[in-house]
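Below are the chains, spelled out letter by letter.
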There are 2 protein chains.
Amino acid sequence: MIATPPIVEFVVTGDEVMRGTIADTNTAWTAARLYPLGLSLRRTVVVGDRGEDIRRALLEASVRADFCIVSGGLGPTSDDLTVECAAQAAGVGLRLDEAWLQRMRERWAARRREPMPKNNERQAYLPEGAEMLGNPDGSAPAFSLRIDRCTFFFLPGVPREYQRILNEMIVPRLARATGNAALRTRVLQCYGVTESRLDEMVAPIRAAHPEVRFGFRTKFPENHLSLAALAPDEETAARALATVEARCREALAGFVYGADGVTFAQAVGEQVAARRETLCCAESCTGGLATQLLTEVPGSSRWTQGAFVVYSNELKQSALGVPAELIRQHGAVSEPVARAMAEGARRASGATWSPAITGIAGPDGGTPEKPVGTVWLALAGPGGTRTKHSHFRGDRGQVRTLAAYGALQLVREALGAPPLPRHFWEVGQGASPGKA
Amino acid sequence: MIATPPIVEFVVTGDEVMRGTIADTNTAWTAARLYPLGLSLRRTVVVGDRGEDIRRALLEASVRADFCIVSGGLGPTSDDLTVECAAQAAGVGLRLDEAWLQRMRERWAARRREPMPKNNERQAYLPEGAEMLGNPDGSAPAFSLRIDRCTFFFLPGVPREYQRILNEMIVPRLARATGNAALRTRVLQCYGVTESRLDEMVAPIRAAHPEVRFGFRTKFPENHLSLAALAPDEETAARALATVEARCREALAGFVYGADGVTFAQAVGEQVAARRETLCCAESCTGGLATQLLTEVPGSSRWTQGAFVVYSNELKQSALGVPAELIRQHGAVSEPVARAMAEGARRASGATWSPAITGIAGPDGGTPEKPVGTVWLALAGPGGTRTKHSHFRGDRGQVRTLAAYGALQLVREALGAPPLPRHFWEVGQGASPGKA
């Protein structure tokens, strides 16, 4: 570690971004990747496709920052001005990169019949003195250029291309600039714990291990802890990360459901599939959301048989055999109906596990006895059926999400995960409220 | 209209935003609202919670922009620095707003038992010379302040509070600043047409009506056209908007499914409900997504009975009565199976309409005859069953989304909407690719 961390700024170009037509998702993604490196992230500037605005943004950053990541404006059309503006800001001309032109022509020939339009050749020009970084997935090459005291990295704005270049070419350079050559990271994905409680639980580990940076990110209703170990060599980084990860996993116990990008439903599904078992949900108020989550990842046919979405009382009866009398006596949002839904879905599908969800997602339909957010969950499985009463807080979408997660959590617990604290089921997991 | 449109900039404050922990959704949302006003949106600056960075951002904007919208940093905690920084940048002190303090105390007393913490009183202080704008939904008041040549609007960052203040207090002021007092807007939401084709179809109307601003926004797989009429008075604005909207609706014919924020599935559902009819889907590769879309809005029990998510072949047979022989002979992704799924779901549910979806969402499971993206759709209804072969391009999530929309489109067409062009079903709707 060096005493003063390098200052990093971002410049985002593009009329579409400035006008709100498309969202700039690259910068937040990058900031979340760079912050653990110990870099000082100081400013993002977004400007439209106007030459003077782009030049001004570059020249301003050039005297303030050590590194500046610029995205967008590297396409072949006339409103792609970034290469020219970079050269003008640096006070240099453009040079043709013959090797890149050759690569572009080959790429084009492999994909299309007609010859490459003349206009596209623009993408083979870089400012004099720039270092070509390339682009494994596209025709707009990334490059770096020094202007004044700042090293600029220019990247295409297409997220898929941007992210790969950032990961493979930029992050390693920035890691080295912090005085460390090796970076190992891990994201521990948690469910059932608030961000502030998570922070509290790992605080002693954080204090004892300054060699690892801790970061937090909320992805409703989950909270993720990111760990980043920077060290002079790979072995030291790996060892530091492994130690801290083990301590964090121990401290967080049942809250960690997975790491490094798995989804919650996928983690549950993989666990079910590993036992050669299957799932079939019975969903009322969630309208298929739990099954949607279970099937959004590839390979989900290994654990999902399907689902019965029984929104109407008639379908609860005809598809799952829930007795009409039960609904009349207790209401559709009740323990006996949740139980009958789960058992009916398990019987009808032959699945190993059938979670059931019935509740009041709102905004209408609440009563004093059963306010909006009231949800009955059930899980039918080999050992019988268990039920859970919950009251989740939030808008319609949040209540539905919390209910779908809750149903999957019952499966996790049936497979051995420690149960969540009781208060969880009464308010859901509080993502921390936005800041005023 | 005045000759040179006012220049607007944005300043976003907050460590969480700068570090990528939370995304700034306010700015893109605001830009999309302001662009139709004819304002010149020139720059967004994002800085963390550091006093010098906030002051610098404000002072820089103060000499460049006519208006600057600042979000965040108005909370009660010590890292909320915006009020102080605004005063320092303007070179003034702070004043206590007694009326706001009183309102805060009353709000607090109505909600909690304990007295309001001393710390919260910070939120009743504004820079001297600032105009109090207030906040109908929270304790952090919005205010405006002139610094140098620029009028700043300071808003809390919580999206719900931010958006209401922006709509009710800021947009009308900015509309007046353009020389027009009245603004009428309409968003025409389209499905089944690409952004470039949409642009082309309304180009003659746009050229003939410079008094209305046209804007485009892609929300995969939809494309939205926003119309904004600015005029000296309400009546002129309303008339101009009505004329242009009618012409656009005529030109776009069946592509417009709704306006001003309805969802596609909701528009279909409302149409079904208005006929006192119901829906029950049979979903395979979409895993419940179509039903998810149908039920994410309030009131969806009026049109949704439920769904059969039949991911496994066994469940296709047992829940919907699809003959095993049919699956063996034609494969699960085939016209006869889609037809049998639709008819089985309609029979089992008693719903008026049963759309069915079976396809290969990918990334695995494709064959030369049935590549990834192959989807068979069917719709069983009062007049019999129709089927549709499609090939959608995109990743797993996109194929699933296009398949779910396609199934709902069959319902629209059965209820009288003009059929989409044939090529649509062969590639899906192309959202325009991101810019490099």
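Residues numbered from 1 in each chain as written. Chains lettered and ligands numbered in written order. Predicted model: local features only at pLDDT ≥ 70, side-chain atom pairs only at ≥ 80, totals over all residues.

A closer look at the interface of chain B and chain A
Phase 1 of the analysis: Facing 65 residues of chain B, the contacting portion of chain A comprises 66 residues.
Phase 2 of the analysis: Bridge count for strand S14 (residues 304-310) of chain A against strand S14 (residues 304-310) of chain B is 5 bridges, and the pairing is antiparallel. Looking at the pairing, Val310 of chain A lines up with Gly306 of chain B of S14 of chain B. (Contact = placed C-beta atoms within 7 Å. Pairing = 2+ DSSP bridges. Helix = DSSP H or I, 4+ residues; strand = E, 2+ residues; numbered from the N terminus.)

Points about helix H14 (residues 396-414) of chain B
Residues and elements named next belong to chain B.
Phase 1 of the analysis: Its 19 residues give H14 an end-to-end C-alpha distance of 27 Å, which sits within 8% of 27 Å, the value for a rise of 1.5 Å per residue.
Phase 2 of the analysis: The element H14 is extensively covered by neighbouring structure, given that 15 of its 19 residues are classed as buried.
Phase 3 of the analysis: Positive backbone phi, approximately 120°, marks Gly416, located one or two places after H14. (Expected span 1.5 Å × (residues − 1). Buried ≥ 20, exposed ≤ 12 C-beta atoms within 10 Å, placed from the backbone.)

Notes on the domain arrangement of chain A
Residue and element names in this part refer to chain A.
Phase 1 of the analysis: Per the domain assignment, the segments of chain A are domain 1 (7-177), domain 2 (182-259) and domain 3 (264-427).
Phase 2 of the analysis: For domain 2 and domain 3, the distance between their C-alpha centroids amounts to 31 Å.
Phase 3 of the analysis: The interface is formed by 9 residues belonging to domain 2 together with 10 residues belonging to domain 3.
Phase 4 of the analysis: Taken together, the residues of the side of domain 2 that touches domain 3 sort by class into 5 nonpolar, 3 polar and 1 charged. (Domains from an automatic or database assignment. Nonpolar A, V, L, I, M, F, W, Y, C, P; charged D, E, K, R; others polar.)

Structural notes on the environment of Gly394 of chain B
Phase 1 of the analysis: Checked against the element boundaries, Gly394 of chain B lands in the loop between strand S17 (384-391) and H14.
Phase 2 of the analysis: Between the alpha carbons of Gly394 of chain B and Ile170 of chain B there is a distance of 40 Å; along the sequence they are 224 residues apart.

A few points about the sheet that holds strand S10 (residues 212-219) of chain A
Residue and element names in this part refer to chain A.
Phase 1 of the analysis: Across the sheet, 4 strands lie side by side as S10-S11-S9-S12; this open sheet has antiparallel pairing. The sheet is open, and its two borders are formed by S10 and strand S12 (256-259), each paired with just one other strand. With direction set aside, neighbouring strand axes in the sheet form an average angle of 25°.
Phase 2 of the analysis: Inspection of the sheet shows strand S9 (residues 182-191) paired to strand S11 (residues 222-231) by 10 bridges, in the antiparallel sense. What sits directly across from Leu183, in S11, is Leu230.
Phase 3 of the analysis: Where helix H8 (residues 234-252) meets the sheet, it contacts S9, S10, S11 and S12, and its direction lies at approximately 15° from that of S9. (Axes fitted to C-alpha atoms, helices over the stretch in contact; angles between N-to-C directions.)

So, the sheet that holds strand S9 (residues 182-191) of chain B
Working definition: the strands of a sheet are paired by backbone hydrogen bonds and lie parallel or antiparallel to each other.
Residue and element names in this part refer to chain B.
Phase 1 of the analysis: Ordered in space as S10-S11-S9-S12, the 4 strands form an open sheet in which the pairing is antiparallel. A strand with exactly one partner marks an edge of an open sheet, and here the two such strands are strand S10 (212-219) and strand S12 (256-259). Between one strand axis and the next, the sheet turns through 25° on average, direction left out of account.
Phase 2 of the analysis: Looking at chain direction, S10 and strand S11 (residues 222-231) are connected through 8 bridges and run antiparallel. Looking at S11, one finds that Phe216 is bridged to Leu225.
Phase 3 of the analysis: In this fold helix H8 (residues 234-252) packs onto S9, S10, S11 and S12, with an angle of close to 15° to the strand it touches most, S9.

Observations regarding the relation of the copies chain B and chain A
Phase 1 of the analysis: The transformation that overlays chain B on chain A combines an axial shift of 0.0 Å with a rotation of 180°, and the residual RMSD is 0.1 Å. Expressed as a symmetry operation, the mapping of one chain copy onto the other fits a two-fold axis. (Least-squares fit on C-alpha atoms with pLDDT ≥ 70 in both.)

Notes on helix H2 (residues 26-34) of chain B
Phase 1 of the analysis: Of all 9 residues making up H2 of chain B, 7 are buried, and the element is well covered by its neighbours.
Phase 2 of the analysis: Taken together, the buried positions of H2 of chain B are Asn26, Thr27, Ala28, Thr30, Ala31, Arg33 and Leu34 of chain B.
Phase 3 of the analysis: Taken together, the buried residues of H2 of chain B touch helix H1 (15-18) of chain A together with strand S1 (7-13), strand S2 (40-47), strand S3 (67-71) and helix H6 (159-177) of chain B.

A short note on unusual backbone geometry
Phase 1 of the analysis: Cis geometry marks the peptide bond from Phe220 of chain A to Pro221 of chain A; its omega dihedral reads 0°.
Phase 2 of the analysis: Unlike most non-glycine residues, Arg276 of chain A shows phi in positive territory, near 55°.

Details of the environment of Thr151 of chain B
Residue and element names in this part refer to chain B.
Phase 1 of the analysis: Among the secondary structure elements, Thr151 is positioned in strand S8 (residues 150-155).
Phase 2 of the analysis: Spatially, the C-alpha atoms of Thr151 and Gly91 are 15 Å apart, while their sequence positions differ by 60 residues.
Phase 3 of the analysis: The residues touching Thr151, leaving out its near neighbours within four places in the chain, are Asp66, Phe67, Ser144 and Arg146.

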